[in-house]
Amino acid sequence: MNVSNQTITLSHPVITEEVSEAILGPRRKQVGLFGGTFNPIHNGHLIMAEAVGTQLGLKQVCFMPDNQPPHVDHKAAIPAKHRLAMLEAAIHDNPLFGLELCELQRGGVSYSYDTLVALKKLHPDTDYYFIIGADMVNYLPKWYRIDDLVKLVTFVGVKRRGYAPQSPYPILWVDAPLIEISSTEIRQRVAAGQSIRYLVPEPVRAYIEKEGLYLDAN
Ligand SMILES: Nc1ncnc2c1ncn2[C@@H]1O[C@H](COP(=O)(O)OP(=O)(O)OP(=O)(O)O)[C@@H](O)[C@H]1O
Ligand SMILES: O=C(O)c1ccc[n+]([C@@H]2O[C@H](COP(=O)([O-])O)[C@@H](O)[C@H]2O)c1
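Reading the values: rules and limits
- Residues numbered from 1 in each chain as written.
- Chains lettered and ligands numbered in written order.
- Predicted model: local features only at pLDDT ≥ 70, side-chain atom pairs only at ≥ 80, totals over all residues.
- Helix = DSSP H or I, 4+ residues; strand = E, 2+ residues; numbered from the N terminus.
- Buried ≥ 20, exposed ≤ 12 C-beta atoms within 10 Å, placed from the backbone.
- Near = placed C-beta within 6 Å.
- Nonpolar A, V, L, I, M, F, W, Y, C, P; charged D, E, K, R; others polar.
- pLDDT = per-residue confidence, 0-100.
- Contact = placed C-beta atoms within 7 Å.
- Arc of directions from axis to C-beta.
- Axes fitted to C-alpha atoms, helices over the stretch in contact; angles between N-to-C directions.
- Parallel < 35°, antiparallel > 145°, perpendicular 65-115°, else oblique.
- Left-handed = near helix turned anticlockwise from the far one by under 90°.

### Concerning the overall build of the protein chain
No. 1: Counting its secondary structure elements, the protein chain contains nine helices and eight strands.
No. 2: Out of the 218 residues in the protein chain, the part that is buried amounts to 28%.

### A look at the environment of Gln166
No. 1: Tracing the chain through its elements places Gln166 in the loop between β7 (154-158) and β8 (171-174).
No. 2: In this structure, the C-alpha to C-alpha distance between Gln166 and Leu215, residues 49 residues apart in sequence, is 38 Å.

### As for unusual backbone geometry
No. 1: Here the amide bond leading from Asn39 into Pro40 is cis, since omega sits at 0 degrees, within 30 degrees of zero.
No. 2: Note that Pro40 resides in the loop between β3 (29-36) and α2 (43-56).
No. 3: A positive phi is found at Arg145, a non-glycine position, where the angle reads about 50 degrees.
No. 4: With 14 C-beta atoms counted inside 10 Å, the residue Arg145 sits in the partly exposed group.

### Some points on the site of ligand 2
No. 1: As a matter of local geometry, ligand 2 sits amid 16 residues, with Gly35, Pro69, Ser112, Trp143 and Tyr144 nearest to it.
No. 2: Going through the elements one at a time, β3 and α5 (112-122) are the ones with two or more residues in the shell around ligand 2.
No. 3: Split into classes, the residues belonging to the shell around ligand 2 amount to eight nonpolar, seven polar and one charged.

### Here we look at the confidence of the model for the protein chain
No. 1: Residues at a pLDDT of 70 or more form 89% of the protein chain, whose mean pLDDT is 90.
No. 2: Of the regions scoring below 50 in pLDDT, residues 1-10 engages in six contacts with residues more than four places distant in sequence or in other chains.
No. 3: For this predicted complex, the interface score ipTM comes out at 0.97, while the overall pTM is 0.90.

### Observations regarding α5
No. 1: Within α5 the residues assigned to the buried category are Ser112, Thr115, Leu116 and Leu119. Relative to the axis of α5, the buried residues are bounded by an arc of 95 degrees and lie together on one face.
No. 2: Buried positions along α5 lie against β3, α4 (102-106), β6 (126-133) and α7 (146-152).

### Quick notes on the packing of helix α3 (residues 80-91) against helix α9 (residues 202-211)
No. 1: Here α3 crosses α9 at 150 degrees, and the two axes come no closer than 8 Å. When the interaxial angle is binned, α3 and α9 end up roughly antiparallel. Handedness of the crossing formed by α3 with α9: right-handed. Touching His82, Ala85, Met86, Ala89 and Ala90 of α3 are Pro203, Val204, Tyr207 and Glu211, all from α9.
No. 2: Classifying every residue of the contact of α3 with α9 by side-chain character gives seven nonpolar, one polar and one charged.

### So, the site of ligand 1
No. 1: Around ligand 1 lies a shell of 19 residues, among which Gly36, Gly44, Gly133, Ser183 and Thr184 are the nearest.
No. 2: Contributing elements (two or more residues each) for the shell around ligand 1: α2, β6, α6 (134-137) and α8 (183-191).
No. 3: With three residues, α2 is the single largest residue contributor to the shell around ligand 1.
No. 4: Of the residues in the shell around ligand 1, the class split is seven nonpolar, nine polar and three charged.

Structural data, given as structure tokens:
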């Protein structure tokens, strides 16, 4: 500790986070939830999760694979065990990233309202930030019990080219590098025998090849 001209500079924190919590009570945790089908996860997902987590200073960003996405026009995804294996391979080397598996464990249609009610009951000291692309923000008015859901969670909208950053609901808008990759494009490229190198992390590319996934276009 240096003392000069009445300015005190601390060379290291005096109390630890544990001591602070013992005195002031538990601090609220800020956790990002990135829900998706991840069929498969791609670099666009990873870049936006990193951008949101670092810009908002979140403690963790949890990727949350859905069991069955609520909108009816979604194509059947490959089995959850493959989507999960690729997610694990993609995120394991980033300490900011984690997994939230409650929707797979619950089964059925993955309504976000049901998920947030369950998570808030389990972790009342956590504030959740639900990360969605600007394309998905347009659909928010159609989400199940959306007026109740916005009271349980803060929606973080990631800007995308071609989608105005606006909504009737409160959205925390975040800029991330614009990476126009979609899982649909990855599946189509694999089916057409084209390269997906550098569009997905290398362990994900290797897994798709080893397991022979997405060879039929859908
Ligand atoms: N390149 C991207 N930039 C910004 N947001 C994205 C991007 N790709 C996906 N998202 C967002 O990620 C979330 C989960 O998306 P999902 O798992 O359905 O991936 P997808 O690439 O959109 O898949 P699909 O092409 O099969 O519809 C959604 O909120 C979607 O808006
Ligand atoms: O709860 C809803 O009504 C609802 C409607 C559409 C999408 N969602 C959630 O939004 C996330 C992204 O959806 P998707 O279809 O792009 O994978 C995923 O976690 C879905 O469960 C939720």
